[in-house]
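Fold and contact review
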Amino acid sequence: MKTNRNHEGIGFTRRDFIKTGGAVVGSMAAGASLAQTKTEALAIAGGSPAVTFPKEQRAAIYKWPPYGADEKAALTAAIESDSTGIYKYNGDLEDKWKQYNGVPFCKSHMNGTSALTTMYFALTRELPPGTEIMVPSYTFFGAILPMRFFGFVPVFVDIDPKTATLSVEHASKVITPKCRAIMAMHSWGLPCEMDKINDFAKEHGLIVLEDCAHAHGASMQGKKVGNWSRLGIYSFQATKVLPGIEGGMGVYQQREDFERAAAFGHYEVCGKYIAGSPYAANALAPDSPYRKYQGTGLGMKLRMHPLAAVLIMAQLEKLEKQNATINGQVRKLNDRVCQLPGLSEPVCRKDQERVYYNSNILFLDQAKAGVSRAAVIKALAAEGVSVGAGNYPENHKYAVYSEPEWWHHAPTVPKTLAGCEEVNSKAMNVALFRRDCPELVEQYARAFEKVWAHRDALPKS
Ligand SMILES: Cc1ncc(COP(=O)(O)O)c(C=O)c1O
């Protein structure tokens, strides 16, 4: 998806908008009929684009990360503080993260991939090399590949094409006697069906893992993601719901997992507890069996950059409000456009509170709509809609999984996974509106309605 960024943070007011004439479109009745919109020529056919909202103001609405005066002030204060004490920010973030998510233990990391690597290391306390771990193929490589450092082997699970999250039904078909853990990934901020995953895991004696890299603040049945599993991770990379440019967090329900994970890449927490030291707050407990690894830890150095911790804490203050704003804009747009033939959104259960990572994913059923995805995207883009074809990695297609030399034993690589194929053939990534902007929502809805009104004239394949 083409992402417009404006680092000037240009804002806009309703008055600016009216001055631009955008309100003329904005004031048109919501849900105008397709017949009405058919009288307007498509922009690709020489008509006027439906989105008239000024480009630079649009860029301010799409802008991510949303850094401003608060973040600048927090960073300035941090770099002006005593440079040896600066690591205290990592401990502060861990405390806030535990409180916000209600998790008993957590450890900050350089990024999500290092938190995942650490998570797999933590599992070596009970899972021997050769253990298989069920993972969705539809994910980022960092969620799977690090397992090979510990002799673990992935079993690729498909996604449910209605949600783009792990399919328990498919998991039940591909589970093997060597499987001892299963990973859920909350794709694009939509929680997996964690109750079903946990039931499945219980039935088969699997440890549940959660990759929450897309889902900061999401919950199910009132319980935040990251708490539905024994070990989980978050990423704070620049595009994420809670951006720290780079950063990650491991969350752990059991003290043993936390201590093992912390000792792996954080030599500083194993050392002697020195009152007043910046590490004191997050040092391991005096009776921890991992305290003896003072001076070395267990071999890695995966500490988060403290300025990332500062940025993340500044953003955390606004996370709930930011998620509510984005959700509000998406609801207004999707409630309208998902009434168009062949257009739908991932199914979110009533007991799930989702968030939105990166884009508002819509599914296009080309047969029902009677138009190809490429044609719809081209026509919408000409109308001024920021949209692209969703094409997320299907890990089983990457070379590294088909070469036995990298693995304890060769993973079984499926030829194709129908759910992944379906989602990647029907997903359209529409830009998220990160600020309240009813006029732009209205213009986007009109653009969709206009394209749909003309879809008979557009290519079908
Ligand atoms: C699903 C998923 N898991 C893990 C990660 C790893 O996070 P990081 O980029 O912080 O290493 C990402 C990052 O894009 C991701 O999308």
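Here we summarise the structure given alongside this text.

Thresholds, definitions, all that
Residue indices follow the written sequence of each chain, beginning from 1 at its first position. Selection of residues for local features in this predicted model requires a pLDDT of at least 70, selection of side-chain atom pairs for listing and counting requires 80 or more, and totals for whole chains, interfaces and linings are taken over all residues. Here a residue counts as buried when 20 or more other C-beta atoms sit within 10 Å of its C-beta, as exposed when there are 12 or fewer, and as partly exposed otherwise, the C-beta atoms being derived from the backbone. Helix and strand labels come from DSSP, where a helix needs a run of H or I of at least four residues and a strand needs a run of E of at least two; each type is numbered from the N terminus. Two strands make a pair as long as DSSP finds a minimum of two bridges between them. If you view a crossover with the strands going away from you and the path from the first strand over the helix to the second runs clockwise, you call it right-handed. Axis angles are defined between N-to-C directions and span 0 to 180 degrees, where every axis is a line fitted to C-alpha atoms and, for a helix, only to the segment in contact. For classification purposes, an angle smaller than 35 degrees is called roughly parallel, one larger than 145 roughly antiparallel, one from 65 to 115 roughly perpendicular, and anything else oblique. For a crossing to be left-handed, the near helix must be turned anticlockwise from the far one by less than a right angle; the clockwise case is right-handed. Contact between two residues is assigned whenever their backbone-derived C-beta positions fall within 7 Å. Nonpolar residues are Ala, Val, Leu, Ile, Met, Phe, Trp, Tyr, Cys and Pro. Charged residues are Asp, Glu, Lys and Arg, and all others, Gly as well, are polar. As used here, a nonpolar core is made of buried Ala, Val, Leu, Ile, Met, Phe, Trp, Tyr and Cys residues. They are joined through C-beta atoms within 7 Å. Domains are outlined according to an automatic or database domain assignment. We call a residue near a molecule or strand when the C-beta position, derived from backbone atoms, sits within 6 Å of it.

Our next topic: the pairing of strand 7 (residues 207-211). Of all five residues making up strand 7, four are buried, and the element is well covered by its neighbours. Sheet topology places strand 6 (residues 179-185) next to strand 7; five bridges connect them, and they run parallel. Residue pairing in the sheet places Ala-184 in a bridge with Glu-210 of strand 7. In this region the chain leaves strand 6, passes through helix 9 (residues 194-204) and returns to the parallel neighbour strand 7; the handedness of that crossover is right-handed. In terms of strand pairing, strand 7 meets strand 10 (residues 231-235) through three bridges, oriented parallel. Residue pairing across strands places Asp-211 opposite Ile-233, the latter belonging to strand 10.

This part is about the sheet that holds strand 16 (residues 427-430). Read from one edge to the other, the open sheet built from four strands follows the order 12-14-16-15, with strand pairing classed as antiparallel. The open sheet terminates on both sides in strands that have one partner only, identified here as strand 12 (343-344) and strand 15 (387-389). Looking at chain direction, strand 12 and strand 14 (residues 360-364) are connected through two bridges and run antiparallel. If you follow Leu-343 over to strand 14, its bridge partner there is Leu-364.

With that settled, the discussion passes to the packing of helix 13 (residues 319-337) against helix 17 (residues 438-453). Packing of helix 13 against helix 17 brings their axes to within 10 Å, and their N-to-C directions diverge by 25°. The orientation of helix 13 relative to helix 17 falls into the category roughly parallel. Like other packed secondary-structure pairs, helix 13 and helix 17 cross with a definite hand, here right-handed. Residues Gln-329, Lys-332, Leu-333, Arg-336 and Val-337 of helix 13 touch helix 17, and the partners they reach there are Val-441, Tyr-444, Ala-445 and Phe-448. By residue class, the composition of the contact of helix 13 with helix 17 is six nonpolar, one polar and two charged.

Turning to the nonpolar core, a few remarks are in order. Ranked by internal contacts, the top residues of the largest apolar core, which has 128 residues, are Met-119, Ile-182 and Ile-197. Here this core spans two domains, and each of domain 1 (14-63 + 318-457) and domain 2 (69-316) adds at least three residues to it. Dropping the residues within four chain positions of it, Ile-197 is found in contact with Leu-166, Val-168, Ile-182, Ala-184, Cys-192 and Val-208.

What follows deals with the sheet that holds strand 7. Backbone hydrogen bonds are what pair the strands of a sheet, in a parallel or an antiparallel way. Taken in spatial order, the seven strands make up an open sheet running 1-11-10-7-6-2-3, and their pairing is mixed. Looking along the sheet, the strands with just one partner apiece sit at the ends: strand 1 (105-109) and strand 3 (153-157). Within this sheet the neighbouring strands show an average axis-to-axis angle of 20°, counted without direction. Along the sheet, helix 7 (residues 112-123) makes contact with strand 1, strand 6, strand 7, strand 10 and strand 11 (248-252), crossing strand 10 at roughly 170°.

On to the pairing of strand 3, then. Of all five residues in strand 3, five are buried, a share of seventy percent or more. With five bridges connecting them, strand 2 (residues 132-136) and strand 3 associate as parallel partners. Following the sheet pairing, Val-135 is matched in strand 3 by Phe-156.

Bringing the site of the ligand into the picture now. Near the ligand there are 14 residues, and of these Gly-112, Thr-113, Phe-140, Ala-213 and Ser-235 occur at the shortest range. In terms of residue class, the shell around the ligand is built from four nonpolar, nine polar and one charged.

A few words on the environment of Val-330. Here Val-330 lies in helix 13. A tally of 20 C-beta atoms within 10 Å means that Val-330 is categorised as buried. For the pair Val-330 and Tyr-356, spaced 26 residues apart in sequence, the C-alpha to C-alpha distance is 8.7 Å. In this structure Val-330 touches Tyr-356 and Asn-360, once residues within four positions along its chain are discounted.

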